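Survey of secondary and tertiary structure
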Amino acid sequence: MAAGTLVSRITGFARTAVLAAAIGTATLGDAYNVAYTIPFILLDLLMTGVLSSVVVPSIIRAKEREPDGGQAYEQRLMTVATVALIAVAVLGVLLARPIIELYTSNLSERGVEVASTLARYILPQLAFFGVGALAGAILNTRDRFGAPMWAPVVNNIVAICVFSAYIAVGVGGANVEKITPGDLLLLGLGTTAGIVAQAIVLVIALRRTGFRFRPRFDVRNAGLGEMGRLGAWTLAFVGVNQIGFVITTNLTTSAGVEAKAAGVAYGAGYTPYTLAFQLFQLPYGIIAVSVITAMLPRMSRSVTAGDLAAVREEFASGVRLVSVALVPASLLLMVLGPAVTVPIYAHGSNDVSDALYIGNALQIFGLALVPFSLFQLLLRVFYSFGDTRTPVVAAGINLVANVALSLVFYFALPPGYVVLGLAFSYAVTYALAAAITWNMASKRVGGLGGRGVAVALSRMYAAAIPGALVALLVLWLALKVTTMTPVSAFVILAAGGGLGLLAYGLTAHRMRVPEVNSIVGMVTSRVGR
């Protein structure tokens, strides 16, 4: 799973780099990224959160309860989801402009018009993405985790081809005023084509497990009502998060417009924020998502069997396994953020100053990596019990704190620094949310081994600090003899990151951090085979 996610994320950042080179990080970049985000927002509201928190545990219970092993249940679920997603996709296309206006403020009239047109081309992917996501969830219940991790690679390859074609034949470039209807058609439908290809891969993988889709509309007394009741709280959870996203999107787009008016030379709006956030999510996506995906079905089975001790052990093991990789990653991001972003984004319509700003935001997001991942792991404890209400409380606390702190930074900081302030707000509030949620989850399962986890995390941070200092030394020495360019940044990243990770591995081995030895043994055994 980690290998598939790694290739997916690498190709994803190649996709993002080509996109940034094609349309830049100013108004056109903001218009595209807002339009591209809308289907994922709607999908979150409809089913993404429900998949992990409700669908996977419900399918597992149906497999144990139903005489046919849950096959009819899965077919009904796929039927209802497909019909609903098509209806929402059509409605979204019709309401594209009002939806765009909800997520933007101070964007020019031309920017809103371009974003709305792109949204009409991109929103149909909602149906394909949703069906693919549901197919992936069914695959997970069958302990088939590979295809959902590898399928996005196909999407990324298609998108890279589309954006490269735009660079070659597009008329408007990065200028929102000059972009043509043909340019928008290429960008919009090309983006949707990638998601269609991804869904096809997942459906084929599902068929290979023996699943056969047959439309079933006999949903009355089919057991979907229970899932609906649980899903209502999950929708509330997603809705709370989306309130925060609406506020963040409006604050960052406004900051970008104000920064440009104030003469700031680099992009300082929504696009730099979202590009830094995507990079921040890379270690989480490779390590934590893989662990969470495998952990939830096992915890759900333990809860069904009444074995709380197994739930506690599964969770503690997951936290230690995730943290052993994310702790050094977070420190290295805080040191080498600009060295990561300059080679990726300082091309085409962007210059080094644009990429450096994204890197500064990434450095601050690095603070959030461990608490954010821990918070996501904690939510799976509740989901394994079929409890979707408690996560809403945790998300509400996070929302209030994040919005309050974000507004303080928006009004207190100059426009060019607002994105950095919002990244810091994200880190602080997730640390608070993780602490509160840990206490609630611990009460639910009779303890989570907090002392043991704290000792393990302390040892990991102690082992990671020398590696971060080595990376910082490489950065300092390099900037003494050269400036930050795509080539020099790549060398700094390779040398600083490589030596930093080596120092971490050696220090952790000397300190006998067991999780490091476990990962090394697992990887070497796989390579040996």
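Conventions we followed
- Residues numbered from 1 in each chain as written.
- Predicted model: local features only at pLDDT ≥ 70, side-chain atom pairs only at ≥ 80, totals over all residues.
- Heavy atoms only, no water.
- Helix = DSSP H or I, 4+ residues; strand = E, 2+ residues; numbered from the N terminus.
- Salt bridge = Lys/Arg side-chain N within 4 Å of Asp/Glu carboxyl O.
- Buried < 20%, exposed > 50% of the residue type's maximum accessible area, 1.4 Å probe, protein only.
- Core = buried A, V, L, I, M, F, W, Y, C linked by side-chain atoms within 4.5 Å.
- Polar contact = N/O pair within 3.5 Å; in protein donor to acceptor, adjacent residues only side chain to side chain.
- Contact = heavy atoms within 4.5 Å.
- Phe/Tyr/Trp six-rings, centres within 6.5 Å; stacked < 30°, edge-to-face > 60°.
- Axes fitted to C-alpha atoms, helices over the stretch in contact; angles between N-to-C directions.
- Parallel < 35°, antiparallel > 145°, perpendicular 65-115°, else oblique.
- Left-handed = near helix turned anticlockwise from the far one by under 90°.
- Nonpolar A, V, L, I, M, F, W, Y, C, P; charged D, E, K, R; others polar.

Positionally, Ile 465 belongs in helix H16 (residues 450-481). A sequence separation of 197 residues divides Ile 465 from Ala 268, and the C-alpha atoms of the two residues are 31 Å apart.

In total, this model carries six salt bridges according to the counting rule given. For Glu 113, the salt bridge goes to Arg 110, with nearest N and O atoms at 3.2 Å. You can see Glu 113 and its partner Arg 110 sitting in helix H5 (residues 109-122), three residues apart, about one turn around the helix. Assessed through its relative accessible area of 38%, Glu 113 is described here as partly exposed. Two residues, Glu 313 and Arg 320, come together in a salt bridge whose shortest N-O distance is 3.8 Å.

Among the nonpolar cores identified, the biggest contains 97 residues, and Phe 280, Phe 315, Tyr 345, Tyr 426, Met 460 and Tyr 504 are the most heavily contacted of them. No other element matches the 18 residues that helix H11 (residues 308-345) contributes to this core. Counting residues in each nonpolar core, the second largest holds 56 residues, with Tyr 103, Val 114, Leu 123 and Ala 127 among its members.

Turning next to the side chain of Asp 387. Along the chain, Asp 387 turns up in the loop between helix H13 (369-384) and helix H14 (390-412). Judged by its relative accessible area of 12%, Asp 387 falls in the buried class. Reaching out from Asp 387, the side chain makes a polar contact with the side chain of Thr 390 at a distance of 2.7 Å. Setting aside residues no more than four positions away along its own chain, Asp 387 makes contact with Phe 382 and Arg 444.

All right, on to the packing of aromatic side chains then. According to the stated counting rule, one finds 19 aromatic pairs in the structure shown. With a centroid separation of 5.1 Å and an interplanar angle of 80 degrees, the aromatic rings of Tyr 410 and Phe 411 are classed as edge-to-face. Relative accessible area serves as the criterion here: at 14%, Tyr 410 is assigned to the buried category. Here a set of aromatic residues connected by ring pairs shows up, and it is made of Tyr 273, Phe 277, Phe 280, Tyr 284, Phe 365, Phe 372, Phe 375, Tyr 426 and Tyr 430.

Let us look at the packing of H11 against H13. Any two packed helices are characterised by the angle at which their axes cross and by the distance between the axes. Two elements in contact, H11 and H13, have axes separated by 8 Å at closest approach and are oriented at 160 degrees. The angle between the axes of H11 and H13 places the two elements in the roughly antiparallel class. Our pair here, H11 against H13, has a crossing hand that is right-handed. From H11, Phe 315, Gly 318, Val 319, Val 322, Leu 326, Val 327, Ala 329, Ser 330 and Leu 333 reach across to H13, where they touch Leu 369, Val 370, Ser 373, Leu 374, Leu 377, Leu 378 and Val 381. When the residues that make up the contact of H11 with H13 are grouped by side-chain class, the tally is 13 nonpolar, three polar and no charged.

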